[in-house]
Amino acid sequence: MNRISRRQFGKAAAAAAALAGASLPKFSFGQTPPHPVPRTFPRDFVWGCATAAYQIEGGANEGGRGPSIWDTFSHTPGKTYNGDTGDVADNSYHLYKEDVRLLKNLGVRGYRMSISWSRIFPEGKGQPNPAGLDYYNRVIDELLANNITPYITLFHWDLPQALPGGWQSRDTPHAYADYAAFIARHLSDRVHHFMTTNEFTCFTDIGYREGRFAPGLKLPDGEANQVRHHGILAHGLGVLAIRANAKGAVQVGLAENAKVFVPVIEDDTNIEAARRATRVENAPFLTALMEGKYPDIYLEQQGANAPKVESGDMQAIGSPLDFVGLNIYDPDYVRADGSARGYIIEQRQTSYPRMASSWLYLGPEALYWGVRNVCDLWHPKGIYITENGCSADDVLTPEGRIEDTERVMFLRNYLTHLHRAVAEGYPVKAYFLWSLLDNFEWADGYSKRFGIHYVDFATEKRTPKLSAEWYKQVIARNAVV
Ligand code: GBH
């Protein structure tokens, strides 16, 4: 072993430091040194914000809107925090011009919003409601007048209450396809990006198996698996309906909260384990869409409870997509375990950090691995990050500011890992921050704030948080700042 004395070591270190110092540029305080690794995004990268109709619109009984299962659920005692409902929410139904001004001020190129199906078809099918369509025409025209591209989700959980059996019925995917066709016919002259559905697990499993979301049912496995099937069938029929009815070229995809797996150690075996976990754990949803069939492992697991599939279903479900949208929040960590399945999901220790929502475990690497696993498995043409963001216990300071440094920390770290995916050549084209505004956070009511604008729900006043100032800089410099 090469032994050197403490004194010799000290001398060598000083010499090295002097040498390094000589080549370092000199900065005076107050100047910003250039970041050693430029973290810029591609020139045509789309920065945006995301929202959803029931969470922001309010106007629940206006303009001929029919009730959705979320109206019924939120008005049922005990279902949401504090009995909160989306009756008024952010009142975007009336304040949409103000919201477009917020977007304009941020400098976003895109806005991901959703359409309330029951504003368009109050009964879920049959007679359309012209006043509902007019509302979205006004929002879209306002966005376009401000050079903001609308990205439209057709279904973000607010299923028309009037549809008999909801997602338990095979008629619902067909009613959805008719609604999607109607929207494509009426909006695709100005809207060119469509997401069929948002997060299958939430409107199928959480609503129909676990009962924590609308409609609040706890169905046995066989029936709940059929609900899942109807959900993905709606997506597939929706893709076909949009393409068949669009006025011009459209980009069609979805927004899915695929489970994200991070290899505990970045070596070949653990990376392979993360990829396998992604395929197996997303089997009933994204894997079925990307492969046009349910993986054998899922059908074997479910046995007699496996979904009943009719001829033509899987072909529709496997319709090629222009992009895959990923809503990415929290990761799971996996390692290779030598089993036939090939992976094990790590338990989280109680000290694992989380944000204000108890389910939101912090894991910036999710943005890199979410993109990479999906791309390595299925090679989609493009990836949009359709949601990413966090809740925080935001309070106004006496000066009227919201110093949400933890949200800035969260976003900066997640975007750093997204940048890694971009730098390695994965086809990430857009990022939509969840959310533009604090809003109705489903079963958590107004108790959890995800916005980069603070909303005082008594006055509907919007105030940009520190994170909004930060995001504005990200957009202006097209880089992680
Ligand atoms: C997204 O879901 C939604 O698309 C969006 O509407 C929502 O506002 C946003 O994220 C923030 O939550 O009942 O405690 O077990 C993200 C994925 C899946 C997270 C369901 C919450 C239920 C938590 N969500 N999960 S809990």
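All of the points below concern the structure found in this document. (Residues numbered from 1 in each chain as written. Predicted model: local features only at pLDDT ≥ 70, side-chain atom pairs only at ≥ 80, totals over all residues. Heavy atoms only, no water.)

**Overview of the side chain of serine 188**
Working step 1: Structurally, serine 188 is set in the loop between α7 (171-187) and β4 (193-198).
Working step 2: For serine 188, the side chain forms a polar contact with the main-chain nitrogen of lysine 247, separated by 2.8 Å.
Working step 3: Each residue touching serine 188, except ones within four places of it in the same chain, is listed here: Ile183, Phe194, Asn245, Ala246, Lys247 and Val250. (Helix = DSSP H or I, 4+ residues; strand = E, 2+ residues; numbered from the N terminus. Polar contact = N/O pair within 3.5 Å; in protein donor to acceptor, adjacent residues only side chain to side chain. Contact = heavy atoms within 4.5 Å.)

**Here we look at the sheet that holds strand β1 (residues 46-50)**
Working step 1: A barrel is described by the order of its strands in space; here eight strands give the closed sequence β1-β2-β3-β4-β5-β7-β10-β11, paired in parallel fashion. Taking the axes of each pair of neighbouring strands and ignoring which way they run, one obtains an average angle of 25° across the sheet.
Working step 2: Taken together, the five bridges between β1 and strand β11 (residues 428-434) define a ladder with parallel strand orientation. Across the sheet, residue tryptophan 47 finds its bridge partner in β11, namely tyrosine 431.
Working step 3: The sheet contacts of helix α14 (residues 365-378) involve β7 (324-327), β10 (383-387) and β11, and relative to β10 the element is tilted by about 135°.
Working step 4: In the packing of helix α15 (residues 405-423) onto the sheet, contacts are made with β1, β10 and β11, and the angle to β11 comes to roughly 170°. (Pairing = 2+ DSSP bridges. Axes fitted to C-alpha atoms, helices over the stretch in contact; angles between N-to-C directions.)

**Quick notes on helix α9 (residues 221-245)**
The α-helix advances 3.6 residues per turn, and as a result positions three or four apart in sequence lie on the same side.
Working step 1: With 25 residues, α9 ought to run about 36 Å at 1.5 Å a step, and its terminal C-alpha atoms sit 36 Å apart, in line with that.
Working step 2: Most of α9 sits out of view: 18 of its 25 residues are buried. (Expected span 1.5 Å × (residues − 1). Buried < 20%, exposed > 50% of the residue type's maximum accessible area, 1.4 Å probe, protein only.)

**Here's the deal with the site of the ligand**
Working step 1: If you check the shell around the ligand, you find 17 residues, and the closest are Gln55, Glu199, Arg212, Glu441 and Trp442.
Working step 2: Interatomic distance of 2.9 Å between a side-chain N/O atom of glutamate 199 and an oxygen atom of the ligand.
Working step 3: At 2.8 Å from an oxygen atom of the ligand is found a side-chain nitrogen or oxygen belonging to tryptophan 442.
Working step 4: Protein coverage of the free-state accessible area of the ligand, which is 580 Å², stands at 82%.
Working step 5: When grouped by side-chain class, the residues that make up the shell around the ligand number eight nonpolar, five polar and four charged. (Near = heavy atom within 4 Å. Areas by Shrake-Rupley, 256 points an atom, 1.4 Å probe, with all protein chains shown as cover. Nonpolar A, V, L, I, M, F, W, Y, C, P; charged D, E, K, R; others polar.)

**Considerations on the packing of helix α8 (residues 200-210) against α9**
Working step 1: The contact between α8 and α9 brings their axes to 9 Å, and the two run at 155°. Comparing their axes, α9 and α8 come out roughly antiparallel. The crossing of α8 and α9 is right-handed. Contact residues: Phe200, Phe203, Thr204, Asp205, Tyr208 and Arg209 in α8; Asp221, Ala224, Asn225, Val227, Arg228, Gly231, Ile232 and His235 in α9.
Working step 2: Tallied by class, residues from the contact of α8 with α9 come to six nonpolar, four polar and four charged. (Parallel < 35°, antiparallel > 145°, perpendicular 65-115°, else oblique. Left-handed = near helix turned anticlockwise from the far one by under 90°.)

**Topic: the pattern of salt bridges**
Close approach of charged atoms allows side chains of opposite charge to pair.
Working step 1: Counted according to the given criterion, the structure contains 33 salt bridges.
Working step 2: The partner of aspartate 322 in a salt bridge is arginine 243, with the nearest N and O atoms 2.8 Å apart. With aspartate 322 in the loop between α13 (313-317) and β7 and arginine 243 in helix α9, the pair connects residues that are 79 residues apart, well separated along the chain.
Working step 3: For aspartate 322, a relative accessible area of 14% puts it in the buried group.
Working step 4: Classification of arginine 243 as partly exposed rests on a relative accessible area of 34%.
Working step 5: In this structure, the salt-bridge partner of lysine 465 is aspartate 394, at a minimum N-O distance of 2.6 Å. Placement of lysine 465 in the loop between β13 (461-464) and α16 (466-477) and of aspartate 394 in the loop between β10 and α15 is noted, with a sequence separation of 71 residues between them. Both residues of the pair, lysine 465 and aspartate 394, belong to the buried class.
Working step 6: Connected through shared salt-bridge partners, Asp394, Asp404, Arg407, Asp438, Arg449 and Lys465 make up one network. (Salt bridge = Lys/Arg side-chain N within 4 Å of Asp/Glu carboxyl O.)

**Considerations on the nonpolar core**
Working step 1: Within the largest apolar cluster, 144 residues are counted, with the highest numbers of intra-cluster contacts made by Trp70, Trp117, Trp167, Leu418, Tyr431 and Tyr471.
Working step 2: Apart from the residues lying within four places of it in its own chain, the contact partners of tryptophan 70 are Tyr54, Thr80, Trp157, Asp158, Phe213, Ala214, Phe440, Trp442 and Ala443.
Working step 3: Of all hydrophobic cores here, the second largest spans seven residues; its members include Phe261, Ala274, Ala277 and Val334. (Core = buried A, V, L, I, M, F, W, Y, C linked by side-chain atoms within 4.5 Å.)

**Observations concerning the pairing of strand β2 (residues 110-114)**
Working step 1: The element β2 is extensively covered by neighbouring structure, given that five of its five residues are classed as buried.
Working step 2: Every second residue of β2 is oriented toward a common face, with Gly110, Arg112 and Ser114 on one face and Tyr111 and Met113 on the other, all of them buried.
Working step 3: Two strands pair when backbone bridges link them, and β2 and strand β3 (residues 149-153) are joined in this way by five bridges, in the parallel orientation. Among the inter-strand pairings, glycine 110 is bridged to a residue of β3, identified as threonine 149.

**Points about the side chain of serine 391**
Working step 1: Along the polypeptide, serine 391 turns up in the loop between β10 and α15.
Working step 2: At 2.7 Å, the side chain of serine 391 forms a polar contact with the side chain of serine 357.
Working step 3: Ignoring sequence-local partners within four residues, the contact set of serine 391 consists of Met355, Ala356, Ser357, Leu360, Arg407, Lys448, Arg449 and Phe450.

**Notes on the state of the cysteines**
Working step 1: Tallying each qualifying case throughout the model produces zero disulfides.
Working step 2: With no disulfide of its own, cysteine 202 lies 18 Å from the sulfur of cysteine 390, the closest cysteine sulfur.
Working step 3: Overall, cysteine 202 belongs to the buried group, its relative accessible area being 8%. (Disulfide = S-S within 2.5 Å.)

**What to know about the pairing of strand β5 (residues 251-256)**
Working step 1: For β5, the buried fraction is high: five of the six residues fall into the buried class.
Working step 2: Bridge count between β4 and β5: four bridges; the pairing is parallel. Paired with histidine 193 across the bridge in β5 is glutamine 251.
Working step 3: Bridge count for β5 against β7 is two bridges, and the pairing is parallel. Along β7, the bridge assignment pairs alanine 255 with glycine 325.

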